Amino acid sequence: MITTTQIEMALGHVNDPATERTVTELGWLSNIQIDGLDVSFDLASGDASLVQPCVDAIHEYVDRNASVSVNVTNRLEPAAPAAQPAAESDNAMPGLAGVKHIIAVASGKGGVGKSTVAANLAVSLAKSGARVALVDADIYGPSMPIMFDVSGEQVFGHQVGDKTYMLPVEKYGIKLMSVGFFVDPEKALIWRGPMASSALKQLLGDTWWGDIDYMVVDMPPGTGDVQLTLAQTIPVTGAIIVSTPQQVALADVVRGVQMFRAEAIDIPVLGFVENMAYFTPAELPNNRYYIFGQGGCRKLASEMGIPLLGEIPLVQRIAESGDAGKPVALYTPDMSQSPERDAFDALAQNTINAINNLK
């Protein structure tokens, strides 16, 4: 099924040569109609030369068999970038109305295992009996379809009133949504900040989530447009910042905390998670070897007055389980002893406690 979101994302690749902004940024796209593989829309560009690039973008990023009709209308004046409100009301995104708590899982830099932590945190929360959703907001590097073995899953529509929402994919009792469901995994996403921010808002606001106790949002690394969009458009309960023990990673953690504590964002930091904290051999599950240093994240947490929610071991099975689409936090009979699973379960309980302490 072709969705409006897919069309808008595809046309986010089409630039107006005069302004060097995309047709979606300029507000020229309207009246999108979809009937099977038949797609039509209005393009207020006044420039017929943009028709073919629009058709090509839909064929490349959505469906090569789509029949595309573009109605070019009179050009509008380029819209000035809209000022972001401090926060939108819950009614602005009806699909989120049943979500109680939104947890942003962030990191100051890439490569620290943020997505692995987010995936296993969601699993452990679901194991506790909570209703859980997981949003893969790492727009440039979506990994949840692989980590949950749902690559290629089809996203279906759900009619509510006069609007069609997307229904999340469900796996292991968790409701999942990822930009990875809508793009070719073999092609790089070359999107400007506003395009990535728009995609995130669509993933969150155009999905019908139902009743959810905890929504875990896997953020892209760093402190950029997507993080700002999340903070300013949805009611985030709190953020978890993932790091590794090295000093270079901890320096980025400080910047992440400063971002969430900034006046324009003002999101509570629930705590830190130190990933790859120590190495534990499978044959010696009680032994710990601190390959990257010991206690760095715990010390920083103490200095900044922020809880340390968990220390996740460096264990080969964590990576293997993610690659196999079965997060290690899932219970399996062959894992009667599993320090890594226990670590994620402890993280989930500590996260619940941190949220309760906000009240």
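These numbers were taken from a predicted model, which means no experiment stands behind them. (Residues numbered from 1 in each chain as written. Predicted model: local features only at pLDDT ≥ 70, side-chain atom pairs only at ≥ 80, totals over all residues. Heavy atoms only, no water.)

Looking at helix α2 (residues 51-61)
If you check which residues of α2 are buried, you get C54, V55, A57 and I58. Looking down the long axis of α2, one finds its buried residues gathered within 160 degrees of arc, a one-sided arrangement. (Buried < 20%, exposed > 50% of the residue type's maximum accessible area, 1.4 Å probe, protein only. Helix = DSSP H or I, 4+ residues; strand = E, 2+ residues; numbered from the N terminus. Arc of directions from axis to C-beta.)

Description of the environment of P285
Following the sequence through the fold, P285 ends up in the loop between β14 (269-274) and α8 (296-304). Distance from P285 to P339, taken between C-alpha atoms, is 6.8 Å for residues 54 residues apart in sequence.

Focus on the sheet that holds strand β3 (residues 29-35)
Read across the open sheet, the 3 strands follow the order β3-β4-β5; overall the sheet is mixed. If you trace the sheet from one side to the other, it starts and ends with β3 and β5 (67-72), each paired once. Direction aside, the axes of adjacent strands within the sheet are offset by 15 degrees on average. Here 6 bridges tie strand β4 (residues 38-43) to β5, and the two strands are oriented parallel to one another. Directly across from D38, in β5, lies its bridge partner S67. Contacting β4 and β5, α2 crosses the sheet at an angle of about 150 degrees to β5. (Pairing = 2+ DSSP bridges. Axes fitted to C-alpha atoms, helices over the stretch in contact; angles between N-to-C directions. Contact = heavy atoms within 4.5 Å.)

Remarks on helix α9 (residues 316-323)
Here α9 has its buried residues at I318, S321 and G322. Burial along α9 is one-sided: seen end-on, the buried residues are contained in an arc of 100 degrees. Those residues of α9 that are exposed and aimed more than 90 degrees away from the buried face are Q316 and D323. Where α9 is buried, its residues meet α3 (114-127), α4 (144-147) and α10 (339-358).

Some remarks on the environment of D63
Following the sequence through the fold, D63 ends up in the loop between α2 and β5. Residue D63 is classed as partly exposed on the basis of its relative accessible area of 23%. For the pair D63 and Q6, spaced 57 residues apart in the sequence, the C-alpha separation amounts to 9.6 Å. If we ignore the near neighbours within four places in the chain, the residues touching D63 are I2, L37 and I58.

A look at the packing of aromatic side chains
Two aromatic rings are characterised by how far apart their centres lie and by the angle between their planes. In this structure the tally under the stated criterion is 4 aromatic pairs. Summarising the aromatic geometry, the rings of F148 and Y172 are spaced 5.9 Å apart at their centres and angled 40 degrees between planes, so their arrangement reads as tilted. Here F148 is found in the loop between α4 and β8 (157-160), whereas its partner Y172 is found in the loop between β10 (169-171) and β11 (174-178), with 24 residues between them in sequence. (Phe/Tyr/Trp six-rings, centres within 6.5 Å; stacked < 30°, edge-to-face > 60°.)

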